[in-house]
Amino acid sequence: MTYDFQFDAVFASWDYLLDGAWLTVRLSFGAMAIGLVVAILCALGKTSGPRPVRWLINAYIEVIRNTPFLVQIFLIFFGLPTVGLRLSPDMAAMIAMVVNVGAYATEIIRAGIESIHKGQIEAGLALGLRPLQIFRYIVLKPALRTVYPALTSQFILLMLSSSVVSAISADELTSVANNIQSQTFRSFEIYIVVTGIYLVLALMFSALFAGIYRLAFAYTIDRR
């Protein structure tokens, strides 16, 4: 049995695929940025907040980490309209991605915060630093440096998981591929190309995160 590869139909829709890939990038970057803020705030609340705040954050993390991402998307896109809140597929996808990555990243950043020795915080207090300064310079930056590989791996996984939002017709890469496949019936060719695009995106994100690490965290010690 032989298979006749026909990529002409795929490349005829190349602009459409690029539009889908661009939406994937925008959704991923937006969710990473907002999710990081959510995670930092939740990690701070979980490590030093009052008990009711810690309980709420723990409940949020457990619910998100123990339910399927697809169900979370459906709840936001199909469930919220029942209470009068209608969202576009792209907006619902963004919110779902932020909520999801925020829960996972909270635990990663919490681990980084708890790795900071209390003596460093006491030294900051002795120098007269304000609590916000202590958190920013003594706690947060070293914590992020410690967990940076795990955090960026989670962000790349988020980008790859964005394919799930095709279930609510958000026109990201996988949704575009599904539409092209339904028109051309060239499933193998379509998904081979899309696999390559996702691989390129993942490598680009990895390179970007490596550059950010060198700029923000890779300081050296002068041994002279």
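Criteria and thresholds
Residues numbered from 1 in each chain as written. Predicted model: local features only at pLDDT ≥ 70, side-chain atom pairs only at ≥ 80, totals over all residues. Heavy atoms only, no water. UniProt positions renumbered as here; feature names shortened; annotations may be inferred. Helix = DSSP H or I, 4+ residues; strand = E, 2+ residues; numbered from the N terminus. Core = buried A, V, L, I, M, F, W, Y, C linked by side-chain atoms within 4.5 Å. Buried < 20%, exposed > 50% of the residue type's maximum accessible area, 1.4 Å probe, protein only. Contact = heavy atoms within 4.5 Å. Salt bridge = Lys/Arg side-chain N within 4 Å of Asp/Glu carboxyl O.

Engineer: Help me out: how do you make sense of the UniProt feature "domain: ABC transmembrane type-1" (unreviewed entry) in the protein in this one?
Structural biologist: The UniProt record annotates "domain: ABC transmembrane type-1" (unreviewed entry) at residues 21-209. The span residues 21-209 shows a helical share of 82% and a strand share of 0%, and its end C-alpha atoms are spaced 19 Å apart.

Engineer: What is the right way to read the nonpolar core from this model?
Structural biologist: Within soluble globular proteins, side chains that are nonpolar tend to cluster in buried spots. With 59 residues, the main nonpolar core has Leu17 and Ile109 as its most contacted residues. Counting only elements with at least two residues in this core, the list comes to α2 (14-48), α4 (69-79), α5 (89-114), α7 (131-161), α8 (173-184) and α9 (187-216). Looking at this core, the element that brings in the most residues is α7, giving 14 residues. Excluding residues within four positions of it along the chain, Leu17 makes contact with Val10, Leu173, Val176, Ala177, Ile180, Val193, Val194 and Ile197.

Engineer: I'm lost on the pattern of salt bridges in this one. Help?
Structural biologist: Side-chain pairs of opposite charge can arise whenever the charged atoms involved come near each other. Following the criterion strictly, the structure yields 5 salt bridges and no others. In this structure, Arg65 and Glu107 form a salt bridge, with 3.6 Å as the shortest nitrogen-oxygen distance. One end of the pair, Arg65, is in helix α3 (residues 51-65); the other, Glu107, is in helix α5, with 42 residues separating them in the sequence. The class of Glu107 is buried, set by a relative accessible area of 16%. Put simply, Arg110 and Glu114 hold a salt bridge, and the shortest N to O gap is 2.7 Å. Here Glu114 and Arg110 lie together in helix α5, a separation of 4 residues that amounts to about one turn.

Engineer: What should I look at first to understand the UniProt feature "transmembrane region" (unreviewed entry) in the protein in this one?
Structural biologist: Residues annotated in UniProt with the feature "transmembrane region" (unreviewed entry) correspond here to residues 20-45, 66-85, 146-170 and 190-216. Helix makes up 100% of residues 20-45 and strand 0%, whereas the separation of the span's terminal C-alpha atoms amounts to 37 Å. End C-alpha to end C-alpha, residues 66-85 measures 25 Å, and it is 55% helix and 0% strand.

Engineer: What am I meant to see in the environment of Asn179 here?
Structural biologist: With respect to the helices and strands, Asn179 occurs in helix α8. In the structure, Asn179 is positioned 122 residues away from Ile57 in sequence and 39 Å away in space, judged by C-alpha atoms. With near-sequence residues (within four places) excluded, Asn179 lies in contact with Tyr16 and Asp171.

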